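# A closer look at the structure
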Amino acid sequence: NANAMWGGRFASSPSALMEAINVSIGFDRRLAAQDIRGSVAHADMLAKQGIISEEDRDAIHDGLKRILEEIEGGHFTFSTALEDIHMNVEGRLRDLIGPAAGRLHTARSRNDQVATDVRLWVREAHDRADAQITNLMDTLLTQAAAHAETVMPGFTHLQSAQPVTFGHHLMAYVEMLGRDRSRIRDSRKRLNECPLGAAALAGTSFPIDRHATAEALGFDGPTRNSLDSVSDRDFILEYLSIASISAMHLSRLAEEIVIWMTPQFGFVRLSDQWTTGSSIMPQKKNPDAAELVRAKPGRIIGSLVALLTVMKGLPLTYSKDMQEDKERLFDAADTYELVLAAVSGMIADLKPVPERMAAAAGAGFATATDLADWLVRALEMPFRDAHHVTGRLVAEAEQRGCGLEDLSLDVMQAVEPRITDAVYAVLGVENSVRSRMSFGGTAPDNVRAQIAWWRARL
Ligand code: ARG
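Keep in mind that what you see is a predicted model, and the values were worked out from it rather than measured. (Residues numbered from 1 in each chain as written. Predicted model: local features only at pLDDT ≥ 70, side-chain atom pairs only at ≥ 80, totals over all residues. Heavy atoms only, no water.)

### Focus: the environment of Leu 104
What counts is decided by this rule: Strands here mean DSSP runs of E at least two residues long; helices mean DSSP runs of H or I at least four residues long; both are numbered from the N terminus. Three labels apply to residues, based on accessible area from a 1.4 Å probe with only protein chains included: buried if under 20% of the type maximum, exposed if over 50%, partly exposed otherwise in between. Contact definition: two residues touch when any of their heavy atoms are within 4.5 Å.
Checked against the element boundaries, Leu 104 lands in the loop between helix H5 (85-97) and helix H6 (110-146). Leu 104 sits in the buried class, given a relative accessible area of 2%. When near neighbours in sequence (up to four residues on either side) are disregarded, Leu 104 contacts Ser 39, His 42, Ala 43, Leu 46, Ile 60 and Leu 93.

Below is the structure:
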């Protein structure tokens, strides 16, 4: 038997494979609540404009309300023959209220319907991510405040470079997450226009009120071009880009946790809640959650590339290719939200080991730059000369197998006679860190000021 929605010109039903490649109900059922919300707004508007009767609108309302309850209660029977969520809902509405159900689709197409549903869904995903990022920033700020003075090595090339504080290091991630959150807010603003009423592609001859449906659905207004309305998926691509960038940030933090957790570094500990053991090596405590946070961005970035590839080269307006947006979107959002939650959990759980960090901060001649700066200040040496003198002192220390602070004044003066014992004050890592008072630098007072700045903006 032919299709209930468009059976008019179809004599037979689709082949099994046609149905298999076409069907989307397995995943787009996740749009049920948004679909019903959109239909309620559409029916209200149709009645207000005198396009359908108030009795039909009331019947549609009651039916849709019941369908939402059935779906949320888990006793709705989804049908693959009905292809997607839109036709499943409409099909059930017909069972429930009869012919009035057929009036709901007046002045509407699945093309503007699905575009509206997905926008509503992405808007909610933005709001969830916004809240989760804020929560993670809050957790990072708490750890940073506790460790504004905890000295650790700062790295370039993963080689010890200059001492910094653990609080300063964590605050770098607060900056990244702050940018991620502002990208979300930006994108949410841009997506908040309503495509409903664009109909199939050209608009409609019915006297609809698109401003009313847009407002009812919490949009800032209707989209301006009906062709663009049904063929635009930029807002999904933006979500996927933002999630990709943000997950990339989280993967860098995760990688640092993995490194810090190694016995060789030993900078942090995670409790049993956030580690796993080995079935053979009894001593192991593995940071599996951090490793998976490091890995998961691959899925999200893959989704971004997949949808960009689907969209590139598509002619206007709607093509069924675009149905491929949903699985990528849902998987990316699930993954991103899981990763955000896992990182929040780990950061709250993280126990730094300040002794290990301080010991490492002093190793590797980490205060060599401080020594060079001292030569510039105390002896008015040009920085290039100071760099050279310091290099020779580092070589001396390396030869003796000691730190810069262990070189005797005699040894230092053999390299540069004007050095005095005032130099030893800058060779300690605490002094080094405290001296980095330039705006944005690692001095503990700076770090505390940055924490306060972000606290006021959470
Ligand atoms: N399931 C479709 C999608 O996700 C809905 C729109 C179908 N429109 C159409 N003209 N076939 O894109």
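What follows continues from the structure just given.
### Concerning helix H3 (residues 32-48)
Filter applied, for reference: One less than the residue count of a helix, multiplied by 1.5 Å, gives the span that helix is expected to have.
In this model H3 runs 24 Å from its N-terminal to its C-terminal C-alpha over 17 residues, within 8% of the 24 Å that 1.5 Å per residue would give. For H3, the tally of buried residues reaches twelve of 17 residues, placing the bulk of the element in the interior. Looking at the packing, one finds that the buried side of H3 touches helix H2 (25-28), helix H4 (54-72), H5, H6 and helix H8 (210-216). One or two steps after H3, the chain reaches Gly 50, where phi turns positive at roughly 75 degrees.

### Re the nonpolar core
As a reminder of what qualifies: Only buried Ala, Val, Leu, Ile, Met, Phe, Trp, Tyr and Cys residues count toward a nonpolar core, and they belong to the same one when joined by side-chain atoms within 4.5 Å.
Counting 87 residues, the largest nonpolar core has Tyr 239, Leu 250, Ile 257 and Tyr 336 as its most contacted members. The element contributing the most residues to this core is helix H10 (residues 234-261), with 15 residues. Sequence-distant contacts of Tyr 239, defined by excluding residues within four places in its chain, comprise Val 122, Ala 125, His 126, Leu 329, Ala 333, Tyr 336 and Glu 337. One finds Val 389, Val 394, Ala 397 and Ile 419 within the second-largest nonpolar core, a separate group that totals 21 residues.

### Side note on the UniProt feature "domain: Argininosuccinate lyase C-terminal" (unreviewed entry) in the chain
Selection rule: UniProt positions are given in the numbering used here, feature names are shortened, and annotations may be inferred rather than shown by experiment.
The UniProt record marks residues 365-433 with the feature "domain: Argininosuccinate lyase C-terminal" (unreviewed entry), using the residue numbering of this structure. Structurally, residues 365-433 comprises 67% helix and 0% strand, and the distance from its first C-alpha atom to its last is 14 Å.

### Here we look at the pairing of strand S1 (residues 151-156)
Let me state the cut-off plainly: By the convention used here, strands pair only if DSSP detects at least 2 bridges between them.
Pairing of S1 with strand S2 (residues 159-165) involves six bridges; the strand directions are antiparallel. By the bridge assignment, Gly 154 is partnered in S2 with Gln 162. The turn linking S1 back onto S2 is made up of two residues, and His 157 within it adopts a positive phi angle of 55 degrees.

### A word on the site of the ligand
This is how it is decided: If a single non-hydrogen atom of a residue is within 4 Å of a molecule or strand, that residue counts as near it. Here the open area of atoms and residues is found with the Shrake-Rupley method and a 1.4 Å probe, where only the protein chains shown may cover a residue. Here the nonpolar group is Ala, Val, Leu, Ile, Met, Phe, Trp, Tyr, Cys and Pro; Asp, Glu, Lys and Arg are the charged ones; every other residue, Gly included, is treated as polar.
In the vicinity of the ligand, the contacting residues are Ser 24, Asp 28, Asp 84, His 86, Arg 110, Asn 111, Val 114, Tyr 318, Lys 320, Gln 323 and Lys 326. Against a free-state accessible area of 340 Å², the protein chains account for coverage of 87% of the ligand. No other element matches H6, which puts three residues into the shell around the ligand. The residue makeup of the shell around the ligand, split by class, is two nonpolar, four polar and five charged.

### Quick word on the pattern of salt bridges
Condition: Criterion for a salt bridge: a side-chain nitrogen of Lys or Arg within 4 Å of a carboxyl oxygen of Asp or Glu.
Counted by the stated rule, this structure contains 29 salt bridges. A salt bridge links Glu 83 to Arg 110, with the shortest nitrogen-to-oxygen separation between them at 3.2 Å. Here Arg 110 lies in helix H6 and Glu 83 lies in the loop between H4 and H5, a separation of 27 residues in the sequence. Put simply, Glu 416 and Arg 418 hold a salt bridge, and the shortest N to O gap is 3.1 Å. Classification of Arg 418 as partly exposed rests on a relative accessible area of 46%. Among the charged side chains, a network of salt bridges with common partners joins Arg 66, Glu 70, Arg 92 and Asp 95.

### So, the side chain of Asp 232
Keep this limit in mind: Residues adjacent in sequence count toward polar contacts only when both atoms are side-chain atoms; beyond that, a polar contact is any pair of N or O atoms within 3.5 Å, and within protein one must be able to donate a hydrogen and the other to accept it.
By the element assignment, Asp 232 lies in the loop between helix H9 (226-231) and H10. Among the polar contacts made by the side chain of Asp 232, one reaches the main-chain amide nitrogen of Asp 234 at a distance of 2.6 Å.

### Structural notes on empty space enclosed by the protein
Applied cut-off: Whether a set of points on the 1 Å grid over the protein atoms alone is a cavity depends on a 1.4 Å probe fitting there but being unable to get out, while an open set qualifies as a pocket with protein on both sides within 12 Å along at least five of seven lines; lining residues are those with an atom within 4 Å of a point. Grid points are joined across faces, edges and corners, and a volume is the space filled by probe spheres set on the points.
Counted according to the given criterion, the structure contains one cavity of 30 Å³ or more. Counted as a void, the largest cavity has a volume near 30 Å³. Around the largest cavity, the lining residues are Glu 149, Val 151, Glu 430, Val 433, Arg 434 and Pro 444. Tallying contributions element by element places helix H19 (residues 429-435) first for the lining of the largest cavity, with three residues. Its residues assigned to classes, the lining of the largest cavity comprises three nonpolar, no polar and three charged.

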